[in-house]
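Topology and contacts: notes
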Amino acid sequence: MPPAALSVHLSIGQAYAWSVFKPALESALDLSGTASALPFQLGIVMLGLSAAFGGTLVERNGPRWAMTVALCCFSSGFLLAALGAATEQYWLIVFGYGFVGGIGLGIGYISPVSTLIKWFPDRPGMATGIAIMGFGGGALIASPWSAQMLESFGTDSKGIALAFLVHGLVYAVFMSLGVLLVRVPRPDGRPRKAPDAIRPAGTLISTAQVSARSAVRTPQFWCLWVVLCMNVTAGIGILEKAAPMITDFFARTDTPVSVSAAAGFVALLSAANMAGRIGWSSTSDLIGRKNVYRVYLGVGAVMYLLIARFGDSSKPLFVICALVILSFYGGGFATIPAYLKDLFGTYQVGAIHGRLLTAWSTAGVLGPLIVNRVADSQEEAGKSGSGLYGLSFTIMIGLLVVGFVANELVRPVHPRHHVPAPNAPKEEADDQLADEQQHDARDRAA
């Protein structure tokens, strides 16, 4: 099952290497930094929306159906983007890569998550880390590969089109491996000799089940929505503009960063993103989800502060802080399904996860918009280098503090939202149903 998940996630993780195409697109099609980020932003928006609306379909039709849909949409998006680049119609690149490809991102992203949680019921953090690790590592492959293709094919519109075409065809073949390999577990959902379950620290773990419809009515869901949105916004702000950002930070030094070195920095960020997904999510099995999110949000704010104050004076400091932030960014994605499983059970965790990913859609717009818009405005004001990013980094620190507070507000889910167990006494089930109906009546009255 891990190879099946990785074949899909390593492919759709190419989205994190979009910054490699930004300079070429800006030059070939005369675009601003904000405009060149639009396909990536729309792709992340569609990821969240397609995951939210398609989560129930994925649970109903199974992971193989979901991976097939993801393959078709993601590869078709690249082919449409290639046509747009060849004809110099930027709207077609936005539509293909952002809209069509973004649907493939969302369906492909959630396709293996609930399946792997069911395969590894004793270690949900590790399972989701495996499932989502490939998405963070996709740019580790795509970044140098894309840079090499642009160098070979050229950075004009025809070269970009050919690079998009190769991406679409190769990823279609690679993602088909996941379609062929994926399986659901046996009906009882447990391995024959399951080891003792690892119980993370804290009291948020529940054996009860909550439906997706009920979950979105709980304050816990919306607290986690804010937590994920803030964490993603902080990480994606660096990731989307990574290559030009490190170039700007050290443009006025004696050793400026070359284009190839900037692409290597993007690959390093991808490696940190990937390592954080498996490392931090596995750690959450030991120390608890709430504690690990305290690390993501609290230490992440400190890393941003160090970059804002001292980043342009030391390349190692800048790189290390960025790597830590991206490891937290990846870890936040990988830990959130296990957090949901702890609070809401496994009954419809895939559908709940899909709905929560609308936070990613919001962050996919918010993060790049903050960094690019602030950088463009600062450039118009005559600033350059690291001065382009000081204000946006301060905003990111504030967002991480908001996420930290939201994480502190998470509490166990009230029993009125639980789905009655199949073997529960009829009186208990009736009481629970009556309680939920009374709660709904109060909501309507309010």
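Everything numeric in this text was worked out from a predicted model, so none of it was measured.

Here is what the cut-offs are and how they apply
Residues numbered from 1 in each chain as written. Predicted model: local features only at pLDDT ≥ 70, side-chain atom pairs only at ≥ 80, totals over all residues. Heavy atoms only, no water. Helix = DSSP H or I, 4+ residues; strand = E, 2+ residues; numbered from the N terminus. Contact = heavy atoms within 4.5 Å. Areas by Shrake-Rupley, 256 points an atom, 1.4 Å probe, with all protein chains shown as cover. Core = buried A, V, L, I, M, F, W, Y, C linked by side-chain atoms within 4.5 Å. Buried < 20%, exposed > 50% of the residue type's maximum accessible area, 1.4 Å probe, protein only. Expected span 1.5 Å × (residues − 1). pLDDT = per-residue confidence, 0-100. Axes fitted to C-alpha atoms, helices over the stretch in contact; angles between N-to-C directions. Parallel < 35°, antiparallel > 145°, perpendicular 65-115°, else oblique. Left-handed = near helix turned anticlockwise from the far one by under 90°. Nonpolar A, V, L, I, M, F, W, Y, C, P; charged D, E, K, R; others polar. Phe/Tyr/Trp six-rings, centres within 6.5 Å; stacked < 30°, edge-to-face > 60°. Salt bridge = Lys/Arg side-chain N within 4 Å of Asp/Glu carboxyl O. Disulfide = S-S within 2.5 Å. Bend = angle between axes of the 7 residues up to and from the residue.

Digging into the overall build of the chain
If you tally the helices and strands in the chain, you get 19 helices and 2 strands. Within the chain, residue pairs in contact and separated by at least 24 positions form 83% of the contacts whose partners lie at least 6 positions apart. Summed over its atoms, the accessible surface of the chain is roughly 17,600 Å², and 65% of this surface lies on carbon and sulfur atoms.

Overview of the nonpolar core
Among the nonpolar cores identified, the biggest contains 128 residues, and Phe 164 and Trp 360 are the most heavily contacted of them. It is helix H15 (residues 315-344) that contributes the most residues to this core, 14 residues altogether. Apart from residues lying up to four places away in sequence, Trp 360 is in contact with Tyr 16, Ile 44, Leu 47, Tyr 109, Phe 135, Val 232, Ile 236, Tyr 329 and Phe 333.

A closer look at helix H5 (residues 63-86)
The end-to-end C-alpha distance of H5, which contains 24 residues, comes to 35 Å, matching closely the 34 Å that a straight helix rising 1.5 Å per residue would cover. Looking one or two residues beyond H5, the residue adopting positive phi is Glu 88, at roughly 55°.

Let's talk about the confidence of the model for the chain
Of all residues in the chain, 88% have pLDDT values of 70 or greater, and the mean over the chain is 82. Across residues 193-198 the pLDDT falls below 50, and counting only partners more than four positions away or on other chains, this stretch makes 7 contacts in the model. With pLDDT under 50 throughout, residues 423-433 is counted as low confidence; its partners more than four residues away or in other chains account for 5 contacts.

Re the packing of helix H11 (residues 219-239) against helix H16 (residues 349-356)
Geometrically, a packed helix pair is captured by the angle between its two axes and the distance between the axes. Contact geometry for H11 and H16: axes closest at 10 Å, N-to-C directions at 55°. Here H11 is positioned oblique relative to H16, judged by the angle of their axes. In the packing of H11 onto H16, the handedness of the crossing is right-handed. Here H11 contributes Phe 221, Leu 224, Trp 225 and Leu 228 to the contact with H16, which in turn contributes Ile 352, Arg 355 and Leu 356. Across the contact of H11 with H16, the residue classes break down as 6 nonpolar, no polar and 1 charged.

Considering unusual backbone geometry
Excluding glycine, residues mostly have negative phi values, and the peptide bonds linking residues are mostly trans. Of note in this structure, Asp 30 is not a glycine but carries a positive phi near 55°. Along the chain, Asp 30 turns up in the loop between helix H2 (22-29) and helix H3 (33-36). Owing to a relative accessible area of 71%, Asp 30 belongs among the exposed residues under this scheme. Positive phi is not limited to glycine here, since Glu 88 has a value of about 55°. Following the sequence through the fold, Glu 88 ends up in the loop between H5 and helix H6 (90-110).

So, the packing of aromatic side chains
Under the counting rule described, the total for this entry stands at 26 aromatic pairs. With a centroid separation of 5.5 Å and 10° between ring planes, the pair formed by Phe 95 and Phe 99 is classed as stacked. Taken together, the positions of Phe 95 and Phe 99, both in helix H6 and 4 residues apart, correspond to about one turn of that helix. Given the relative accessible area of 34%, Phe 99 is considered partly exposed. Residues Phe 249 and Phe 318 carry aromatic rings whose centres are separated by 4.7 Å and whose planes lie at 45° to one another, so their mutual orientation is tilted. In this pair, Phe 249 is assigned in helix H12 (residues 242-249) and Phe 318 in helix H15, connecting sequence segments 69 residues apart.

Overview of the pattern of salt bridges
Oppositely charged side chains may form a pair once their charged atoms are brought near each other. For the coordinates displayed, the defined rule picks out 4 salt bridges. Between Arg 289 and Asp 285 there is a salt bridge whose closest N-O contact spans 2.9 Å. Its salt-bridge partner being Arg 289, residue Asp 342 comes within 2.6 Å of it at the nearest N-O pair. Residue Asp 342 is located in helix H15, and its partner Arg 289 is located in helix H14 (residues 289-310); the two are separated by 53 residues in the primary sequence. The pair formed by Asp 342 and Arg 289 is uniform in burial state, with each residue classed as buried. In the salt-bridge network here, residues are joined through shared partners; they are Asp 285, Arg 289 and Asp 342.

Thoughts on the state of the cysteines
Inspection of every chain in the model, using the stated rule, returns 0 disulfides. The structure places no disulfide on Cys 72, whose sulfur is separated from the nearest cysteine sulfur, that of Cys 73, by 6.7 Å. A relative accessible area of 43% means that Cys 72 is categorised as partly exposed.

Considerations on helix H17 (residues 358-380)
With 23 residues, H17 should cover 33 Å at 1.5 Å per step; its first-to-last C-alpha distance of 33 Å lies within 8% of that length. Of all the bends found along H17, the most pronounced is centred on Leu 369 and spans about 25°. Where H17 terminates, the next one or two residues include Gly 382, which has phi positive at roughly 95°.

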